[in-house]
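Structural characterization, general
As a plain string of letters, each chain reads:
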Amino acid sequence: DIKVVLDALLSVVEVPVRADGRALSVTPSIGVAVYPDDGLQEDELIQHADTAMYRAKSRGRATYQFFEPALAETAYADLVLEAELAQGLTRNEFELFFQPQVDAATGRLSGAEALLRWRHPQR
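Heads up: these notes are all about the structure in this document. Because the structure is predicted, anything quoted here is derived from the model rather than measured. (Residues numbered from 1 in each chain as written. Predicted model: local features only at pLDDT ≥ 70, side-chain atom pairs only at ≥ 80, totals over all residues. Heavy atoms only, no water.)

Observations regarding the overall build of the protein
Filter applied, for reference: Counting from the N terminus, the helices are DSSP H or I runs at least four residues long and the strands are E runs at least two residues long. Within these notes, the globule rule equals 2.2 Å times the number of residues to the 0.38 power, and the radius of gyration is based on C-alpha atoms. Three labels apply to residues, based on accessible area from a 1.4 Å probe with only protein chains included: buried if under 20% of the type maximum, exposed if over 50%, partly exposed otherwise in between. Residues are treated as being in contact if the distance between any of their heavy atoms lies within 4.5 Å. Charge convention: Lys and Arg are scored as positive, Asp and Glu as negative, and His as well as the terminal groups of each chain are ignored. One atom stands in for each charge, and that atom is NZ of Lys, CZ of Arg, CG of Asp or CD of Glu.
Within the protein, the secondary structure is distributed over three helices and six strands. Walking the protein from its N terminus toward its C terminus, one meets helices and strands in the order α-β-β-β-α-β-α-β-β. Computed over the C-alpha atoms, the radius of gyration of the protein is 23 Å, more than 25% above the 14 Å expected from 2.2 N^0.38 for a compact globule of 123 residues. The dimensions of the protein, computed from C-alpha atoms along their principal axes, are 65 × 45 × 30 Å. Residues classed as buried in the protein amount to 19% of the 123 residues present. Sequence separation of 24 or more characterises 41% of the internal contacts of the protein that already satisfy a separation of 6 or more. For the protein, the distance from the average position of its 12 positive side-chain charges to the average position of its 19 negative side-chain charges is 11 Å.

Focus: the nonpolar core
Proteins that are soluble and globular tend to have nonpolar side chains buried together. Short version of the rule: What we call a nonpolar core is a set of buried Ala, Val, Leu, Ile, Met, Phe, Trp, Tyr and Cys residues that are connected through their side-chain atoms within 4.5 Å.
Core analysis: the biggest nonpolar cluster contains five residues, these being L6, L10, I30, V32 and Y64. Those elements that provide at least two residues to this core are α1 (2–13) and β3 (29–32).

Things to note about the side chain of E84
Along the chain, E84 turns up in helix α3 (residues 69–90). By relative accessible area, which is 17% here, E84 ends up buried. With sequence-adjacent residues up to four places away left out, E84 is seen in contact with W118, H120 and R123.

Things to note about the packing of aromatic side chains
We apply this condition: By convention, a stacked pair of Phe, Tyr or Trp rings (six-membered ring in the case of Trp) has centres within 6.5 Å and planes under 30 degrees apart, an edge-to-face pair has planes over 60 apart, and any other such pair is tilted. We call a charge positioned over a ring when the NZ of a Lys or the CZ of an Arg lies within 6 Å of the ring centre and within 35 degrees of the ring normal.
Enumeration according to the criterion identifies two aromatic pairs in this entry. The interplanar angle of 90° and the centroid separation of 6.0 Å between the aromatic rings of Y64 and F66 together place this pair among those described as edge-to-face. Measuring from ring centre to ring centre gives 5.3 Å for F94 and W118, while their planes differ by 25°; the resulting arrangement is stacked. Taken together, the residues F94 in strand β5 (residues 94–102) and W118 in strand β6 (residues 109–118) connect sequence positions 24 residues apart. Look at W118 and you get partly exposed, because its relative accessible area is 24%. Stacked on the ring of F97, the Lys or Arg R117 has its end atom at 5.1 Å from the ring centre.

With respect to the environment of S11
Applied cut-off: Side-chain atoms alone can form a polar contact between residues adjacent in sequence; in general such a contact is a pair of N or O atoms within 3.5 Å, and within protein one must be able to donate a hydrogen while the other accepts it.
By the secondary structure assignment, S11 is in helix α1. Within polar-contact distance, the side chain of S11 engages the backbone oxygen of A8 at 2.8 Å.

Details of the pairing of β5
The cut-off we apply is this: Two strands qualify as a pair provided that DSSP identifies no fewer than 2 bridges between them.
Pairing of β5 with β6 involves nine bridges; the strand directions are antiparallel. Residue E95 lies in a different strand from β6, and its bridge partner there is R117. Linking β5 back to β6 in an antiparallel pair, the connection comprises six residues, with G107 at a positive phi of about 75°.

Note that every value here comes from positions in space, so none of it alone points to a role or purpose.
Printed below as a string of structure tokens:
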């Protein structure tokens, strides 16, 4: 069973190793793509395992994630958003606003809050 192997791998890799008098720990994040369910070609399986690995990293270290088609859709949406953010920066679509924070008891200014608003052309 794949999960048994993954759990065993994580338990072995997590054991600290001494190097130059220091304890070094590794906390792996593992992505899993299974042939033929998750792909038929080597490059497709590697891409899907990579996508699953990034999901595992986002959930915390020392864990694993099996590939699911929804992960690929989320990864694509993240890439689109990242590209739109970069375009928004070059097109000056962001506006910075400051909102004062007032102490309710004294009525005095106690700070400011920054708000970055994205004037997206389509959203």
